[in-house]
Amino acid sequence: MAGAKKKRLRLSKIYSFACGKKSMKNEELPPVGGAGFSRMVYCNEPDCFEAGIHNYPQNYVSTTKYNVATFVPKSLFEQFRRVANFYFLVTGILSFTPLAPFTAVSAIIPLIIVIIATMVKEGLEDLRRHQQDSEVNNRAVLVHQQNGVFNNTEWKNLKVGDIVKVEKDKFFPADLLLLSSSYDDAICYVETMNLDGETNLKLKQALEITSSLNDDSNFRDFKASLKCEDPNPSLYTFVGSMEYEEQQYSLSPQQILLRDSKLRNTEYIYGAVIFTGHDTKVMQNATAPPSKRSRIERKMDKIIYVLFFCLFMMAFIGSIIFGVKTKDDLKNGRMTRWYLRPDDISILFDPNYAALAAIFHFLTALMLYNYFIPISLYVSIEVVKLLQTLFINRDIHMYYEEADKPARARTSNLNEELGQVDTILSDKTGTLTCNSMEFVKCSIAGTAYGHGVTEVERAAAGRRNGKPSVQANTNGMNHIDNLVDSESPIKGFNFKDGRVMNGKWVNEPHVDVIQKFFRLLAVCHTALPDVDENTGKITYEAESPDEAAFVIAAREFGFEFYKRTQTSISVLEFDPRTGNKVERTYELLSVLEFNSARKRMSVIVRDEEGKILVLCKGADSVMFDRIGKNGKEFEQETRDHVNVYADAGLRTLILAYRELDEDKYKELNKKFNEAKNSISADRDILIEAAADKIERDLILLGATAVEDKLQDGVPECINKLAQAGIKIWVLTGDKMETAINIGFACSLLRQGMKQIIINLESPEIQALEKSGDQDAITKASKESVLRQITVGKFQLIPSSGSSETFALIIDGKSLAYALEDDMKNLFLELALGCASVICCRSSPKQKALVTRLVKIGTGKTTLGIGDGANDVGMLQEADIGIGISGAEGMQAVMSSDVAIAQFRYLERLLLVHGHWCYRRLTSMICYFFFKNIAFGFTLFLYEAYASFSGQPAYNDWLLSIYSLLFTSLPVMSMGIFEQDVSARYCLKFPQLYQEGVKDVLFSWRRILGWMFNGFLCATIIFFGCNKALEHQAFNKEGFTVGRDIIGATMYTCVVWVVNMQMGLAISYFTLLQHIAAWGSIALWYIFIIIYGSLSPTTSTNTYQIFTEALAPAASYWLVTILVPITALIPYFTYAAIQRQFFPREHEIIQRLRAEEKSNGIANDPEYINNMVR
């Protein structure tokens, strides 16, 4: 058994970089039990009395919105929170009273259908979540029962303190404390894709004291107690201690295995359950994403209120008239309308109680006119949006074949918002660029190496119409031949310089510095080597592409990192004295890990000569301040080279080191361990303070420069989006020079664009920073930023009305002041006057704050796009979040509304799908209101014609199924298939996108215009039918028309008008739209025939009305031809005049398309520009 384990250990390809320390026992551990640190866990005693006191939750997890008991009440509550549905509920209840103008069943059935359809949709979605929960909760895991026996049990039955055994490729059922593994050194490899989206394996290691518990029988008598932090959502921190065999041992995240992560490359592990169910960190992070509603949806609510106002006004006016007329029915004992028998009538029409009768009529009218409100609007929109997302998901033009990733709309709520984006806020690395780093240049001992030419330099050369000059500045030679670089055969390494390649660096001055530089690249990292057993070739798994590029570069320079254990790093080094490679092993004493606040990382190692070295690399903004007085020999040259590299669009890091004597190391290490082992809320602050003391008095070696190439199509995409009138802001952590040059390379900044630069690099500010007076620095910095913003605003004023464009570039320090409450509005005004904005050195929090400022300050649609965890705040703050499924994991994608694989797909997503979805949905909503008003207003006119008696013009069931059967399919087909112009023309004329940004198609003018068209059509239909059929014989028997015939005739005209109106309104006919429109009309005739053939008790006043009354009468057919044509003439006339003399952008392009097909004149660019202008 032991031999087998040793074999596994030798074959293990990935080793620890932050573990392997001895178990820290009897450290000065702060007491646990204060706020946030009160959890007690009794390992292997889950049912003991002490454990029962704490009443920890079960491991059962539910992510559903409902359960069996709450589904009906909660779902009904959600449905009737919508004011329209609540209104229909009230009118449905009133329909059971004598006030109702129709039967209760016909009123309540449509509402029930709509509510049930929505509830079924909600239920199915929740059922899928429940099924997923059940699958997870019922997974099996081995749990220690007693006497060293492990049996399978379901996840949901786990308790805090249980000892579990998890096998290879299985998920961890709860948050566990790692006790031991199949490896002798108690390490295991964990995949955390479900937690943070990262695909690289993480390494965990148990405490040395429990590493020998690697067999089932070892847990027969195992007992330990844990004191640790309370449940919290932090995935990367853990504070606690374990008491075992009367000794205290500190715990760290290195020993914690989180629920939903997976065991990889390890046969099994043993662990103790710390957090269960909703206490686990993954569930603590499972907060609902921010609720986002589109502007159109919010505006639609206002339109509903407008219709309610119209409805109430009609009911109010009608009730007043009804009350006056009812009161006049009986004057001085004389009956005015004797046929109504006002002397013998119910209270609803009693002249003696006219005021009360008017009130009752008001309630009747509210029920009668409810057809103004489209009952099926919400459910229809949900269906249409869902189908629109299918078009996005299946667009082959947004499929990234290389990574097998299609576009994916993760929510359908914001489809139309994609067509209204005013400002895009974008990350740079991994979003505009590939996040695939290549080592191209470096500066060592004040000498620049590397002859490659970057994309930014090529772009700069193109702007100057000349050759790049950076090489002469940095290398002392002109490498014109390298203007066009070929692709490097080594991924991550595109370095060309014969002076240092192939071991020739030994002939360079400062060979000792060069050797230390390459050694630092090979040792100072957290990469993991993976040796191919067949070829012997080594590849590296690194936490970032930058780090992988550094390790690969070190290998190419002769310093090959090939092995890592828990306590050592092994490198094959080129020995300048012998010219051969020698094996050197460095004892790994500690790792000071990188984070966005530190902007650096260090390792502390002991070399074979016993020297203790601090090897450090980090951003120039923090590293130059840490260089000691004796380490600045090459500082100025290195600074110059770093600035040149930034101009070339390269990402730079400063490399430095420090040698410690044994006593100094012990002193610093003691403080560092005390900070690391503290169990308190300020643990991170203590660790940073201790690390800060270690990373001081460094000796500068040089700088690295890696290139992150632009993604394919980025410049063209940004140029097209700019033509569409979309403002683009880039929020990046890069230096200002790098960001500016990347901006030129990707067409964000263009030739002739004036730059407004805001930074704190003035001599006055730098002098204050050296003095260290923090209050004076803050005051002066704030005044400087305010002054620069004010000057910038004055620069914009002369350019108003001219074609001059500006770009604003601001650094992170200045941005912190610009975002303060008393300055942010000024900053926003300046930024909005610029065509492009670049915020450099931005933190994740600043990205979110800038996004919020733009969203709230402009009141227009913002879109955030990024690929990393540091972009999540920005994506959630923006109206629309777009996640790039790139190399930095899936956290951005998991927090996004739409996921795409490449930035260039944003062009098609917005200009094509966004424009189409916006047009389709706005046209659909306007048409919905039109068709309901055209129908509902005929009821009002008929009631006015009948002295506001509360009598409907149509049969009860004809009222109920109007929206469901005869008009729903055409309007939904419009929302799904309508196109004003093709995808090719959307991309050819990006300025068409401004229709959505300006909300041209859903302005109040257009909405009210469609409403007016509805009122007009209803008026023409009512009076056209009445005047055409009154005072004359309707058929050969000489009968005149009654309410039933006039009602059925008007209904026919309404069905024809609303379906033919769609034909006039849409631009793109498909077979399905023809079927929907003509099929709806045909369905009306089929329905009236079938319904009319039912018994009179069912069909009531429509009994045989079509076959016996309408169909034989020529006047019916004549009226149903002439009246719809007459009703459509006003819209047709308006549309023709507007299209001819006041065309909108899409209508101009439609004309261009027609002319292009006929004679090709539209291929003339001058003609196109004149037409579009």
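These numbers come from a predicted model, not from an experiment. (Residues numbered from 1 in each chain as written. Predicted model: local features only at pLDDT ≥ 70, side-chain atom pairs only at ≥ 80, totals over all residues. Heavy atoms only, no water.)

1. Describing unusual backbone geometry
Phase 1: The residue Asn 55 is not glycine, and still its phi comes out positive at about 55°.
Phase 2: Along the chain, Asn 55 falls in the loop between helix H2 (49-54) and helix H3 (71-80).
Phase 3: Located in the positive-phi region is Asn 502, a residue other than glycine, with phi close to 55°.
Phase 4: Of note, Asn 502 is situated in the loop between helix H12 (470-475) and helix H13 (511-523). (Helix = DSSP H or I, 4+ residues; strand = E, 2+ residues; numbered from the N terminus.)

2. With respect to the state of the cysteines
Phase 1: This structure, assessed with the given rule, holds 0 disulfides.
Phase 2: Cys 228 carries a free sulfur, and the closest cysteine sulfur to it, the one in Cys 43, is 9.6 Å from it.
Phase 3: Residue class for Cys 228 comes out buried when judged on its relative accessible area of 0%.
Phase 4: Cys 524 carries a free sulfur, and the closest cysteine sulfur to it, the one in Cys 616, is 6.6 Å from it. (Disulfide = S-S within 2.5 Å. Buried < 20%, exposed > 50% of the residue type's maximum accessible area, 1.4 Å probe, protein only.)

3. Quick notes on the UniProt feature "binding site: Mg(2+)" (unreviewed entry) in the protein
Phase 1: UniProt marks Asp 427, Thr 429, Asp 867 and Asp 871 with the feature "binding site: Mg(2+)" (unreviewed entry), using the numbering shown here. Taken along the chain, the residues just named run across 445 residues; in space they keep tight, none of their C-alpha pairs more than 10.7 Å apart.
Phase 2: Topologically, Thr 429 is positioned in the loop between strand E17 (421-426) and strand E18 (433-444).
Phase 3: Take Thr 429: its relative accessible area is 9%, and that puts it in the buried class.
Phase 4: A polar contact of 3.0 Å, which involves the side chain of Asp 871, links it to the backbone nitrogen of Asp 867. (UniProt positions renumbered as here; feature names shortened; annotations may be inferred. Polar contact = N/O pair within 3.5 Å; in protein donor to acceptor, adjacent residues only side chain to side chain.)

4. Details of the pattern of salt bridges
Opposite charge on two side chains lets them pair, provided their charged atoms get close.
Phase 1: Scanning the model with the defined rule gives 43 salt bridges in all.
Phase 2: Residues Arg 606 and Glu 587 are paired through a salt bridge, measuring 3.3 Å at the closest nitrogen-oxygen approach. Here the residue Arg 606 occupies a position in strand E25 (residues 600-606), and Glu 587 occupies one in strand E24 (residues 581-592), the gap between them amounting to 19 residues.
Phase 3: Overlapping salt bridges bring together Asp 169, Glu 191 and Arg 264 as one network. (Salt bridge = Lys/Arg side-chain N within 4 Å of Asp/Glu carboxyl O.)

5. Considerations on the sheet that holds strand E29 (residues 727-731)
Phase 1: Read across the sheet, 9 strands follow the order E16-E35-E34-E33-E17-E29-E32-E31-E30 without closing on themselves; strand pairing throughout is mixed. Here the strands that pair on one side only, and so sit at the sheet edges, are strand E16 (408-409) and strand E30 (754-758).
Phase 2: The pairing of E29 with strand E32 (residues 836-839) spans 4 bridges and is parallel. Bridge assignment links Ile 728 to a residue of E32, and that residue is Ser 836.
Phase 3: Here helix H28 (residues 905-945) sits on the sheet in contact with E17, strand E33 (861-866), strand E34 (880-884) and strand E35 (898-900), set at roughly 140° to E35. (Pairing = 2+ DSSP bridges. Contact = heavy atoms within 4.5 Å. Axes fitted to C-alpha atoms, helices over the stretch in contact; angles between N-to-C directions.)

6. Digging into empty space enclosed by the protein
Phase 1: Applying the stated criterion across every chain, the model contains 8 cavities of 30 Å³ or more.
Phase 2: There is about 160 Å³ of room inside the largest cavity.
Phase 3: Mapped by element, the contributors of at least two residues to the lining of the largest cavity are helix H4 (83-94), helix H5 (104-137) and helix H29 (956-966).
Phase 4: Residues that form the lining of the largest cavity fall into these classes: 10 nonpolar, 6 polar and no charged.
Phase 5: Taken together, domain 1 (62-140) and domain 4 (377-387 + 911-1122) each give at least three residues to the lining of the largest cavity, which thus spans both. (1 Å grid on protein atoms, 1.4 Å probe; cavity = no way out; pocket = protein on both sides within 12 Å on 5 of 7 lines; lining within 4 Å. Points joined across faces, edges and corners; volume = space filled by probe spheres on them. Nonpolar A, V, L, I, M, F, W, Y, C, P; charged D, E, K, R; others polar. Domains from an automatic or database assignment.)

7. Considering the sheet that holds strand E7 (residues 202-205)
The strands making up a sheet associate through backbone hydrogen bonding, with each pair oriented either parallel or antiparallel.
Phase 1: Taken together, 3 strands build an open sheet; the order of strands is E7-E6-E12 and the sheet is antiparallel. Two strands bound the open sheet, and with one partner strand each, they are E7 and strand E12 (262-264). The mean inter-strand angle of the sheet, taken between neighbouring strand axes irrespective of direction, is 45°.
Phase 2: Examined bridge by bridge, strand E6 (residues 187-191) and E7 share 4 bridges and lie antiparallel to one another. From the neighbouring strand, Ile 187 faces E7, where its bridge partner is Gln 205.

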